[in-house]
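# What the coordinates show
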Amino acid sequence: MMAINVEEKLFQNRYKVDHGRPHIQIKNADVCKNDCQAQSCTYVCPASCYKAEGNRAVTLITDGCLECGSCRVICSEHANVAWEYPRGGHGILFKFG
Amino acid sequence: MAQEKFDAIVVGAGPSGNTAAYTLAKAGLKVLQIERGEYPGSKNVQGAILYADALERVIPDFRDDAPLERHVIEQRVWVLDDNSFVGTHYRSDDYNKPPYNRYTIIRAQFDKWFSSKVREAGALLICETTVEELLMDGQRCIGVRCDRQGGEVYADVVILADGVNSTLARKAGFHGELDAGNVALAVKEILFMPEEVIQARFNIKEEEGVVIELMGTVTEGMVGTGFLYTNKDSLTIGVGCMLGDFKNNPKRSTPYGLLEKLKKHPSIAPLIEGGEMKEYAAHLIPEGGFHAVPQVYGDGWMIVGDSGGFVNAVHREGSNLAMTTGRLAAETVIAAKAAGQPLSARTLRAYKQALDASFVMKDLHKYRDMPQVLHTSPQFFTTYPQLVTGAAKKMFTVDGVDKKTKEREIFGSFRAARRISGLVGDAFKLWRAFR
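### Description of the overall build of chain A
- Helix and strand counts for chain A come out as four helices and six strands.
- Secondary structure elements in chain A, listed N-terminal to C-terminal, are α-β-β-α-α-β-β-α-β-β.
- Each principal axis of the C-alpha distribution contributes one length, and for chain A these read about 40 × 35 × 20 Å.
- For chain A, with 97 residues in total, the buried portion stands at 53%.

Here you go:
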């Protein structure tokens, strides 16, 4: 399959990023690195917020988050995602929805 | 947000929350509605089709000023393989006679309109405010805590219209985490193009609309469907699959990768060509059906809409169930207040009884086995689409082979793929789940 640049899609969206206060956090980075084989968040997240790094670490940047909740639901074995909605008025602001 | 007490707090301003708040405010109750978006609609995602009936029951004259895109006169169902489709189209001029039965809508605009009606009815709306948790007094919900200073607000009942993630009920321990096998993850884009182009491509006139539901190899064997809807001067195209299937897909495909594949399909690409993409969205859809509906009422709280899993996945209905559950919850509160009853679990049980007596639980019950059947039968989403398109190609290609031989080959292809027992079993499973 061709490489798809999701950033180009996210670029069309409107966001009010809550700088320095990510609404989703990986609870324990070691769990992703050592205990999670699948790292399915790195391909299921529709905004590609989770990246698989070369050293088996998973990093998370929530700026492009679409607030769907998938990452929290699929992390059922490890429950390693601390998931909240952004503070009021922040995050994705759909123009059309 | 001082120490003011409300009759009801409604969390969320989507279809269920707006219907609940509207109904309560119309009856003269003191209602506070809290929305985390910049304005109602700015956090909400839907295909989106509006079914008139559920809205008509609360706002009979909604057609006068609601922002509606096109009324739907034609429904297409396409079964795709990688480069062809077999489809059924149903188009009727009866759908062109007002009052129209269903419309395409753009949710950010529609929800904003609906919210204006809620405020006209007398509810107090606060936006840009996220409710962090419910305030409990033992088993009893007495209010909410918001992410504002002094953000504790009290009410006799809190109606949770906070969407599929159902964050507040989960935190309060009313129900557990969603199961990846019970929710679909859908992604979509909106593509703008001139009205005339849409009308020419879909063979429709001004204000007329077409919806196409898609299934087949585009979902790579995962249980899921796609859609293409006509708005006034835009198209909405999307694809969704069960979240558990995304997770377990050995190809580790991305949702946006599937969407790109769908957009490039030779039967789809000409319809969307030249469209200017202006937004990309993702959303979970609760598709667990009857068996996944949690406890939806308790002492001082009720759950409506997606937060309670009220979606009929088989018929692609959700917003009408959301509006209906919002209305029934509100009517339960209004009746209890009028009778001077406390809003305890005992009183609010009437909400569940009303749901059971309505199409909402009747339809979910009718299809109660469907999620299980579909989710364990991926052949319906890959093997059969390929068999059907293959059969059509064989029958419609004129190449000197006689039709009897073609028939034998087609039957042979079905038997080879599923065996006789599999074919019969699949038919039986579907019949049982649909009956």
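### Remarks on the interface of chain A and chain B
- The interface of chain A with chain B comprises 44 residues on the first partner and 56 residues on the second.
- Carbon and sulfur atoms make up 54% of the area that chain A and chain B hide from each other, which totals about 4,000 Å².
- Considering only the surface of chain A that becomes buried against chain B, Y43, F94 and F96 of chain A emerge as the three largest contributors, covering 21% of it.
- At the surface where chain A touches chain B, the tally comes to eight salt bridges.
- In this structure, K9 of chain A engages E189 of chain B in a salt bridge whose closest nitrogen and oxygen atoms are separated by 2.4 Å.
- Linking chain A with chain B are 33 residue pairs in polar contact (both at pLDDT 80 or more).
- Counting residues per element, the ones that place at least two in the side of chain A that touches chain B are helix 1 (6-10), helix 3 (41-44), helix 4 (70-74) and strand 6 (91-92) of chain A.
- Broken down by element, the residue count for the side of chain A that touches chain B peaks at four residues, all from helix 4 of chain A.
- For the side of chain A that touches chain B, the per-class residue count stands at 21 nonpolar, 14 polar and nine charged.

### Here's the deal with the layout of surface pockets
Residue and element names in this part refer to chain A.
- In this structure, the second largest pocket occupies an estimated 410 Å³ of space.
- Around the second largest pocket, the lining is made up of 27 residues, and of these R21, H23, Y85, P86 and R87 lie nearest the centre.
- A per-class count over the lining of the second largest pocket returns nine nonpolar, nine polar and nine charged.

### Re the pairing of strand 10 (residues 152-160) of chain B
Residue and element names in this part refer to chain B.
- Within strand 10, seven of the nine residues are buried, which leaves the element mostly enclosed by the surrounding structure.
- Across six bridges, strand 1 (residues 5-11) lies against strand 10 in parallel orientation. Across the sheet, I9 pairs through a bridge with V158, a residue of strand 10.
- Both strand 9 (residues 140-146) and strand 10 contribute to a ladder of three bridges, which runs antiparallel. Looking at strand 10, one finds that G143 is bridged to Y154.
- In this structure, strand 10 lies alongside strand 17 (residues 301-303), joined through three bridges in parallel fashion.

### Some points on the pairing of strand 2 (residues 31-34) of chain B
All names here are of chain B.
- With burial as the criterion, each face of strand 2 is covered, one bearing V31 and Q33 and the other bearing L32 and I34.
- Taken together, the four bridges between strand 1 and strand 2 define a ladder with parallel strand orientation. Counted as the bridge partner of I9 is L32 from strand 2.
- Crossover handedness for the path strand 1 to helix 1 (residues 15-26) to strand 2: right-handed.

### Some thoughts on the nonpolar core
- L55, F62, V144, F310 and Y351 of chain B are the most contacted members of the largest nonpolar core, which totals 71 residues.
- Top contributing element to this core by residue count: helix 9 (residues 319-338) of chain B, with seven residues.
- Here L55 of chain B is in contact with L50, F62, F110, W113, F114 and M323 of chain B, once residues within four sequence places are set aside.
- The next biggest cluster of nonpolar side chains, apart from the first, holds 62 residues, and it includes C49, L66 and C68 of chain A together with V187 of chain B.

Analysis parameters
- Residues numbered from 1 in each chain as written.
- Chains lettered and ligands numbered in written order.
- Predicted model: local features only at pLDDT ≥ 70, side-chain atom pairs only at ≥ 80, totals over all residues.
- Heavy atoms only, no water.
- Helix = DSSP H or I, 4+ residues; strand = E, 2+ residues; numbered from the N terminus.
- Buried < 20%, exposed > 50% of the residue type's maximum accessible area, 1.4 Å probe, protein only.
- Contact = heavy atoms within 4.5 Å.
- Buried area = accessible area lost by both parts, 1.4 Å probe.
- Salt bridge = Lys/Arg side-chain N within 4 Å of Asp/Glu carboxyl O.
- Polar contact = N/O pair within 3.5 Å; in protein donor to acceptor, adjacent residues only side chain to side chain.
- Nonpolar A, V, L, I, M, F, W, Y, C, P; charged D, E, K, R; others polar.
- 1 Å grid on protein atoms, 1.4 Å probe; cavity = no way out; pocket = protein on both sides within 12 Å on 5 of 7 lines; lining within 4 Å.
- Points joined across faces, edges and corners; volume = space filled by probe spheres on them.
- Pairing = 2+ DSSP bridges.
- Right-handed = clockwise from strand over helix to strand, strands pointing away.
- Core = buried A, V, L, I, M, F, W, Y, C linked by side-chain atoms within 4.5 Å.

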